Amino acid sequence: MQTNDAEQSRMRGRSGLIGKCLFPVAGYGTRFLPATKAQPKEMLPVLTKPLIQYGVEEALDAGMNTIAFVTGRNKRAIEDHFDITYELEDQISGTHKERYLQSIRSLIDQCTFTYVRQTQMKGLGDAVLTGEPLIGNQPFGVILADDLCYHDGDGILAQMADIYARYRCSVVAIEEVPADEVSKYGVIDGQLMPDGNIRISNMVEKPSPEEAPSNLAVIGRYILTPDIFRILRTTPAGKGGEVQLTDALMQQAKEGRVIGYRFKGRRFDCGSIEGFVEATNFFFSSMGSERS
Ligand code: UTP
């Protein structure tokens, strides 16, 4: 469903500046118990594709073909999904069912997948820091796969890669949310720039409506500069006793080095049951029973 322009950008490797995307997938997914008791939340399917596959497709669309997973216990199914399944593939080889594997085979062909385990669930900030050996000293994308994003054209991470190319600092995707929902997100404040982006000056993790500096919430898409690792190493546990990525980003924001980008497209909070159902209905009505 890409436009010619989007396809051309992808062929150029987008900005060509960012080749790696980190997927923190170590969380327990407690809101989906019992479904997530023995399988990762990221493997729950919207129609026929698991959430994680939509995320990897978005990363590839942004020119990022090295995929770095921060995994945990019970996440083996993710590794298996991005690998060949010999018996099954042999069984359906040459039949009409083979086309059902086309989308995943194409990702396996085009991407390199790397893995590291987070041994204790100490928060998103800790998960990102755990991914440092897979990323090294370069800017990188981050996708939280339970935020399922859709845009008929350039994907959201691809849009953000273009913003990074302009500003060369961290970029977070932001969205207006109802005031009574701010406590689910990191919420920002900052200065509106002529191009419509926001230079962030303040970020608060999961504020009460009274504490919230605005109703602009950070969603699960980031481009981070690698100094975030140095900052995370000394970031103490914050809200909920977890190492918060928001707190580390706040250090960069104090120096004017975080841009808030209002993305084009739709985001579904597939970490919640309502958002998951909404995404399923949206994709079903867009594609009908046609297989993606
Ligand atoms: P969530 O806050 O959605 O937590 O994490 P969760 O465990 O996935 O889900 P619930 O709330 O229990 O239902 C946001 C993202 O950060 C990752 C999660 O995998 C998810 O992608 N994460 C969170 C980690 O990888 N490690 C952590 O220690 C915490």
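Here the structure is shown first, and the text comes after it.
Residues numbered from 1 in each chain as written. Predicted model: local features only at pLDDT ≥ 70, side-chain atom pairs only at ≥ 80, totals over all residues. Heavy atoms only, no water.

### Some points on the site of the ligand
Counted only if it meets this: Nearness is defined per residue: one heavy atom within 4 Å of the molecule or strand is enough. Polar contact is the term for a pair of N or O atoms within 3.5 Å; when the atoms are in protein, one must be able to donate a hydrogen and the other to accept it, and sequence-neighboring residues count only if both atoms are side-chain atoms. For this scheme, ten residues count as nonpolar: Ala, Val, Leu, Ile, Met, Phe, Trp, Tyr, Cys and Pro. Four count as charged, namely Asp, Glu, Lys and Arg, and the remainder, Gly too, count as polar.
In the vicinity of the ligand, 17 residues are found, and the nearest of them are Thr30, Arg31, Lys41, Gln118 and Gly123. One of the backbone nitrogen or oxygen atoms of Lys122 is found 3.4 Å away from an oxygen atom of the ligand. Within the backbone of Gly123, an N or O atom sits 2.9 Å from an oxygen atom of the ligand. Tallied by class, residues from the shell around the ligand come to seven nonpolar, five polar and five charged.

### Side note on the pairing of strand E6 (residues 140–143)
Within a regular beta strand, the side chains point alternately toward one face of the sheet and then the other, so they alternate between its two faces. Keep this limit in mind: Partly exposed residues are those whose accessible area sits between 20% and 50% of the maximum for their type, while under 20% is buried and over 50% is exposed, using a 1.4 Å probe and protein chains only. Put simply, DSSP marks the helices as runs of H or I at least four residues long and the strands as runs of E at least two long, and each gets a number from the N terminus on. The pairing criterion is simple: DSSP has to find at least two bridges between the two strands.
The alternating pattern of E6 places Phe140 and Val142 on one face and Gly141 and Ile143 on the opposite face, and all of these are buried. Examined bridge by bridge, strand E1 (residues 20–24) and E6 share two bridges and lie parallel to one another. Residue pairing in the sheet places Cys21 in a bridge with Gly141 of E6. Here four bridges tie E6 to strand E11 (residues 216–224), and the two strands are oriented antiparallel to one another. Across the sheet, Val142 pairs through a bridge with Tyr222, a residue of E11.

### Looking at the environment of Gln110
On the secondary structure map, Gln110 appears in helix H5 (residues 102–110). In this structure Gln110 comes out as partly exposed when scored by relative accessible area, which is 34%. For the pair Gln110 and Asn65, spaced 45 residues apart in sequence, the C-alpha to C-alpha distance is 6.7 Å. Polar side-chain contacts of Gln110 include one of 3.0 Å to the side chain of Ser106.

### Regarding the pattern of salt bridges
What counts is decided by this rule: Think of a salt bridge as a Lys or Arg side-chain nitrogen and an Asp or Glu carboxyl oxygen that are within 4 Å of each other.
Enumeration over the complete set of coordinates arrives at 16 salt bridges. Note that Arg267 is salt-bridged to Glu175, the shortest N-O span being 3.0 Å. In this pair, Arg267 sits in strand E13 (residues 266–269) while Glu175 sits in strand E8 (residues 170–176), placing the two residues 92 residues apart along the sequence. Between Lys184 and Glu181 there is a salt bridge, and its shortest N-O distance comes to 3.8 Å. For Lys184, a relative accessible area of 44% corresponds to the partly exposed category. Taken together, the shared-partner salt bridges in this structure form one network comprising Glu89, Glu98 and Arg105.

### Comments concerning the nonpolar core
Within soluble globular proteins, side chains that are nonpolar generally end up buried alongside one another. Selection criterion: Here, nonpolar core refers to any group of buried Ala, Val, Leu, Ile, Met, Phe, Trp, Tyr and Cys residues whose side-chain atoms link them within 4.5 Å. Should any heavy atoms of two residues lie within 4.5 Å, those residues are counted as being in contact.
With 40 residues, the main nonpolar core has Phe23, Ile52, Val56, Phe69, Phe82, Leu157 and Ile223 as its most contacted residues. Elements represented by at least two residues in this core include exactly E1, helix H2 (51–61), strand E4 (66–71), H5, helix H8 (156–167), E8, E11 and strand E12 (258–262). Once residues lying within four places of it in the same chain are set aside, the contact partners of Leu157 are Cys21, Glu58, Ala59, Ala62, Met64, Val142, Ile143, Arg221, Tyr222 and Ile223. Counting residues in each nonpolar core, the second largest holds 32 residues, with Ile135, Leu144, Ile198 and Phe229 among its members.

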